[in-house]
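Geometric and topological summary
The chain contents come next:
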There are 2 protein chains.
Amino acid sequence: MARILLTIRYDGTAYHGWQVQPNAVTVQQVMQDAVERITGVRSGLTGCSRTDAGVHARMFCCAMDSETPLRGEKLCAALNAVLPRDVAVTEAREVEEAFHPRYDAKGKRYVYQILNARQRDPFLEGYAWHIKYPLDTALMDRAAKDLLGTHDFAALCASGSSVEDTVRTVSHAAVERQGDLVLFSVEADGFLYNMVRIMAGTLVDMASGRIAPDAFPSVLESGDRHLAGQTAPACGLFLQAVRY
Amino acid sequence: MARILLTIRYDGTAYHGWQVQPNAVTVQQVMQDAVERITGVRSGLTGCSRTDAGVHARMFCCAMDSETPLRGEKLCAALNAVLPRDVAVTEAREVEEAFHPRYDAKGKRYVYQILNARQRDPFLEGYAWHIKYPLDTALMDRAAKDLLGTHDFAALCASGSSVEDTVRTVSHAAVERQGDLVLFSVEADGFLYNMVRIMAGTLVDMASGRIAPDAFPSVLESGDRHLAGQTAPACGLFLQAVRY
């Protein structure tokens, strides 16, 4: 028996997030189905995070305990041959028995994509939040810098979340424009439920004048979700990297 | 009555190319349906080129004669509201009565996308030709330079094509790598049927050693389609720009 860390990427459009749930197709389920098909044994897979329905991952890590003799490229190819086209394994490597994809992650980076143009873009359909009025990305970038450092992020967490410790450390936060795309990227040691989507929604509310652009410090201090902005739609969110 | 030039972009996956044909859905048809829905009148649309089934367009131009009072952003928005999500109008402007999107085009640029990686990429599914062995892009770029200039491109044209004049002038031809993506871009005053896909397929055959990397001059001179390489799949091809 060996513990194997799989690095995967997936287009989350068709999935109800990572975690197995009744009456909905999830990425964890199709991954476990694929592992069972190539090894003959159903193994549980432990993911690096839960992702919401419709959220994408350019890099997501999950671990399994398996007796398969397959390793590396061969294991990737075998899984990719049976996985649906919107999920792919990019790397497979053996890790220590005690390795945990979630607890051992030192940091994660998310990117939130906004299509900031008057008209739709067929190639970004399902991969970006479409905002038609021009966004001041310099204002958004300055505001994002207030997220840097160690804070209690309770105000930027979906209400009803049951996490006890809402303190996280943000090591990178930036907004940049690439043509019609506005990209908000943020890296932290961990994220609360809906945290990136609420950050992105609040930054947009700051650009549109609904929230003062210097409000993040007071919003964080209040711990009050109602003082933050809207929750940006899931389709614009990409888990970009996991660091161990 | 005014002649209006529409700039559109579309994900060609679901379409049998631009041109209306019986028993198949085409981009021209859905565009004409949209124009009819917003103006109440069915107008013919003239395109800047035929594109094959499955080929994409980041920029495609078509013209219509219409009595609609809508112009610019308003016309774009009205059409985008009724078009399917994989087709969008990005610009609409009035042109002279005699303007022809195909004959007046001074040049067109295509980009052919190759995913050059061992494993699949869910985000490039339907948008790239997947080649698993490593491609020598320096070799491909040098070979592509032989396409520059004015040549008879009959050897790089699908056999059975009825075009009489097969002489075209290529003003740009390059192959570059961007991570796992290999991009072949080519600009010319016009293109023959399947010309870019045969160019891309031949460049790949040169990288894999099936065709000598310096073969383009002799292949062009021969005029023999059989001396060129394979036709690359449609899904990797993007009409990138039309220049007037």
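From a predicted model like this one, the values you see are computed outputs, not experimental measurements.

Here is what the cut-offs are and how they apply
- Residues numbered from 1 in each chain as written.
- Chains lettered and ligands numbered in written order.
- Predicted model: local features only at pLDDT ≥ 70, side-chain atom pairs only at ≥ 80, totals over all residues.
- Heavy atoms only, no water.
- Helix = DSSP H or I, 4+ residues; strand = E, 2+ residues; numbered from the N terminus.
- Contact = heavy atoms within 4.5 Å.
- Polar contact = N/O pair within 3.5 Å; in protein donor to acceptor, adjacent residues only side chain to side chain.
- Salt bridge = Lys/Arg side-chain N within 4 Å of Asp/Glu carboxyl O.
- Least-squares fit on C-alpha atoms with pLDDT ≥ 70 in both.
- Buried < 20%, exposed > 50% of the residue type's maximum accessible area, 1.4 Å probe, protein only.
- Pairing = 2+ DSSP bridges.
- Domains from an automatic or database assignment.
- Buried area = accessible area lost by both parts, 1.4 Å probe.
- Nonpolar A, V, L, I, M, F, W, Y, C, P; charged D, E, K, R; others polar.
- Phe/Tyr/Trp six-rings, centres within 6.5 Å; stacked < 30°, edge-to-face > 60°.
- Expected span 1.5 Å × (residues − 1).

**Let's talk about the environment of S66 of chain B**
All names here are of chain B. Its location among the elements puts S66 in strand β3 (residues 56-66). It is 32 Å that separates the C-alpha atoms of S66 and N194, two residues lying 128 residues apart in sequence. Those residues within four positions of S66 in sequence are excluded, and the remaining contacts are M1, A2, T39 and S43. Within polar-contact distance, the side chain of S66 engages the backbone nitrogen of T68 at 3.0 Å.

**Some details on the interface of chain A and chain B**
Taken together, the contacts link 27 residues of chain A with 27 residues of chain B. Note that D121 of chain A and R9 of chain B form a salt bridge whose closest N and O atoms lie 2.5 Å from each other. Run the count over chain A and chain B and you get 16 residue pairs in polar contact (both at pLDDT 80 or more). Those elements that provide at least two residues to the side of chain A that touches chain B are β1 (2-10), β3 (56-66), α2 (72-82) and β4 (87-95) of chain A.

**Side note on the relation of the copies chain A and chain B**
When chain A is fitted to chain B, the best match, at an RMSD of 0.0 Å, comes from turning it 180 degrees and sliding it 0.0 Å along the axis. The transformation just described matches what one would write down for a two-fold rotation axis. Taking C-alpha positions as the reference, the residue of chain A nearest the rotation axis is F123 of chain A, at 5.2 Å. Comparing interface residues between copies, 100% of those in chain A also sit at the interface in chain B, which points to an isologous, same-surface contact.

**A short note on the pairing of β1 of chain A**
Residue and element names in this part refer to chain A. By the criterion of burial, β1 is predominantly enclosed, with 9 of the 9 residues buried. Neither face of β1 is left uncovered, since the one carrying A2, I4, L6, I8 and Y10 and the one carrying R3, L5, T7 and R9 both have all their residues buried. Pairing analysis gives 8 bridges linking β1 to β3, with the strands arranged antiparallel. Note on β3: the bridge partner recorded for L5 is A63. Pairing geometry for β1 and β4, over 8 bridges, is antiparallel. Within β4, the residue paired with L5 across the bridge is R93.

**Some points on the pattern of salt bridges**
All names here are of chain A. A full pass over the atoms with the stated rule returns 24 salt bridges over all chains. Here R71 and E94 are joined by a salt bridge, their closest N and O atoms 2.9 Å apart. Of this pair, R71 sits in the loop between β3 and α2 while E94 sits in strand β4, and the two are 23 residues apart along the sequence. Taking relative accessible area as the criterion, E94 reaches 48% and is therefore assigned partly exposed.

**Considering the domain arrangement of chain A**
All names here are of chain A. By domain assignment, chain A separates into domain 1 (2-95) and domain 2 (107-243). Inter-centroid distance (C-alpha atoms) of domain 1 to domain 2 is 27 Å. Overall, the association of domain 1 and domain 2 removes approximately 1200 Å² of surface from exposure, summing both partners, and the carbon and sulfur fraction of that is 51%. Per-residue buried area on domain 1 facing domain 2 is highest for H56, R58 and M59; these three make up 49% of the total on that side. At the boundary of domain 1 and domain 2, one finds 1 salt bridge. Two residues, D52 and R197, come together in a salt bridge whose shortest N-O distance is 2.8 Å. For the pair domain 1 and domain 2, the interface holds 11 residue pairs in polar contact (both at pLDDT 80 or more). Of the residues that constitute the side of domain 1 that touches domain 2, the class distribution is 7 nonpolar, 4 polar and 3 charged.

**Digging into the packing of aromatic side chains**
The final tally for this structure, using the stated rule, is 16 aromatic pairs over all chains. Relative to Y127 of chain B, the ring of F123 of chain A lies with its centre 6.1 Å away and its plane at 75 degrees, an arrangement referred to as edge-to-face. Residue F123 of chain A is located in the loop between β5 (107-116) and β6 (129-131), and its partner Y127 of chain B is located in the loop between β5 (107-116) and β6 (129-131); the two belong to separate chains. The same class applies to F123 of chain A and to Y127 of chain B, which are both buried. One aromatic cluster is present, formed by Y10, W18 and F60 of chain A through successive ring pairs.

**Topic: helix α1 (residues 27-39) of chain B**
Residues and elements named next belong to chain B. Compared with an ideal rise of 1.5 Å per residue, which puts 13 residues at 18 Å, α1 spans 18 Å between its outermost C-alpha atoms and is within 8% of the ideal. Taken together, the buried positions of α1 are occupied by V27, Q28, V30, M31, Q32, A34 and V35. Each element contacted by the buried residues of α1 is listed here: β1 (2-10), β2 (45-47), β3, α2 (72-82) and β4 (87-95). Note on α1: the residue one or two positions beyond its end, G40, has a positive phi of about 80 degrees.

**Section: the environment of T150 of chain B**
Residue and element names in this part refer to chain B. Among the secondary structure elements, T150 is positioned in strand β7 (residues 149-152). For the pair T150 and F123, spaced 27 residues apart in sequence, the C-alpha separation works out to 37 Å. Ignoring sequence-local partners within four residues, the contact set of T150 consists of V167, R168 and T169. Among the polar contacts listed, one links the side chain of T150 to the side chain of T169, at a separation of 2.7 Å.

**Some points on the side chain of Q32 of chain A**
Residues and elements named next belong to chain A. Mapped onto the fold, Q32 is located in helix α1 (residues 27-39). Q32 sits in the buried class, given a relative accessible area of 9%. Side-chain polar atoms of Q32 contact the backbone nitrogen of L45, separated by 2.9 Å. Not counting residues within four places of it along the chain, the set of residues in contact with Q32 comprises V20, R42, S43, G44 and L45.

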